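# Descriptive analysis of the structure
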Amino acid sequence: MSYTTSTPHAAPLARLVGSSALRRATVVLLGSWLIAASAWIEVPMYPVPMTMQTYAVLLVGALCGWRLASETLVAYLAQGLAGLPLFAGGNAGILYAMGPTGGYLVGFLLAAAFVGWLADQGWNRHYGKLAVSLLVGHLIVFVPGVAWLTQLIGFEKAIAAGFVPFILGTALKSALAYASVLALDRRR
């Protein structure tokens, strides 16, 4: 089976990987570990800590394209659910994923796939579209994250604890992801 993309604007790592299974596996593994490493950069907050994970998730999406980014996030989640300490604060396992961060973990996969799909459509090549894709990608993380928290602590508390405190960090991490994609994707 060939994994090459038919889109003319494929994300840079998707182009690099082409149909090589070894390159694909290498990018998936390294990408999942990048996200894991970013989980260790943490600012304690309640009920969900703020980490650099969303930065890494969006970067993986923008540089890998939707398919490779999705595979990377599935690998990350599978490793964490299997017990490797890859989630925020070195946490792992199904019980952790069922706690307050569960919805955000789902949001990571959705956001990476969405930003990757837009990258495959050429959005990385347009400054404004790239900025929009990264901001929307961040918001996609919050939708299942806040929805999950709502089930645990109620809607108002979920917004107050699971969204509002992260607005500034989201803007900063979106800007950092934007600068990183510009520096790493040199097709302009």
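Residues numbered from 1 in each chain as written. Predicted model: local features only at pLDDT ≥ 70, side-chain atom pairs only at ≥ 80, totals over all residues. Heavy atoms only, no water.

Among the residues of helix α7 (residues 155-162), those classed as buried are A158, A161 and G162. Buried residues in α7, looked at end-on, bunch into an arc of 85 degrees, giving them a common side. Next to the buried residues of α7 lie α5 (102-120) and α6 (127-153). (Buried < 20%, exposed > 50% of the residue type's maximum accessible area, 1.4 Å probe, protein only. Helix = DSSP H or I, 4+ residues; strand = E, 2+ residues; numbered from the N terminus. Arc of directions from axis to C-beta. Contact = heavy atoms within 4.5 Å.)

Moving on: the packing of α6 against helix α8 (residues 167-184). Remark: α6 packs on α8, axes separated minimally by 10 Å, with the N-to-C direction vectors making an angle of 135 degrees. In terms of orientation, α6 and α8 fall into the oblique class. Of the two possible hands of crossing, α6 and α8 adopt the one that is right-handed. Mapping the contact onto sequence places Y127, L130, A131, L134, L135, H138 and F142 in α6 and T170, K173, S174, A177, Y178, V181 and L182 in α8. Tallied by class, the residues present in the contact of α6 with α8 amount to 10 nonpolar, three polar and one charged. (Axes fitted to C-alpha atoms, helices over the stretch in contact; angles between N-to-C directions. Parallel < 35°, antiparallel > 145°, perpendicular 65-115°, else oblique. Left-handed = near helix turned anticlockwise from the far one by under 90°. Nonpolar A, V, L, I, M, F, W, Y, C, P; charged D, E, K, R; others polar.)

Attention shifts here to the confidence of the model for the protein. Per-residue confidence for the protein gives a mean pLDDT of 91, with 92% of residues at or over 70. When the criterion is pLDDT under 50, residues 1-6 qualifies, and its contacts beyond four places in sequence or with other chains add up to nine contacts. (pLDDT = per-residue confidence, 0-100.)

On to the pattern of salt bridges. Scanning all chains against the criterion turns up one salt bridge. The residue E71 makes a salt bridge to R24 at a minimum N-O spacing of 2.8 Å. Note that E71 is positioned in helix α3 (residues 53-81) and R24 in helix α2 (residues 21-39), a separation of 47 residues in sequence. E71 sits in the partly exposed class, given a relative accessible area of 24%. (Salt bridge = Lys/Arg side-chain N within 4 Å of Asp/Glu carboxyl O.)

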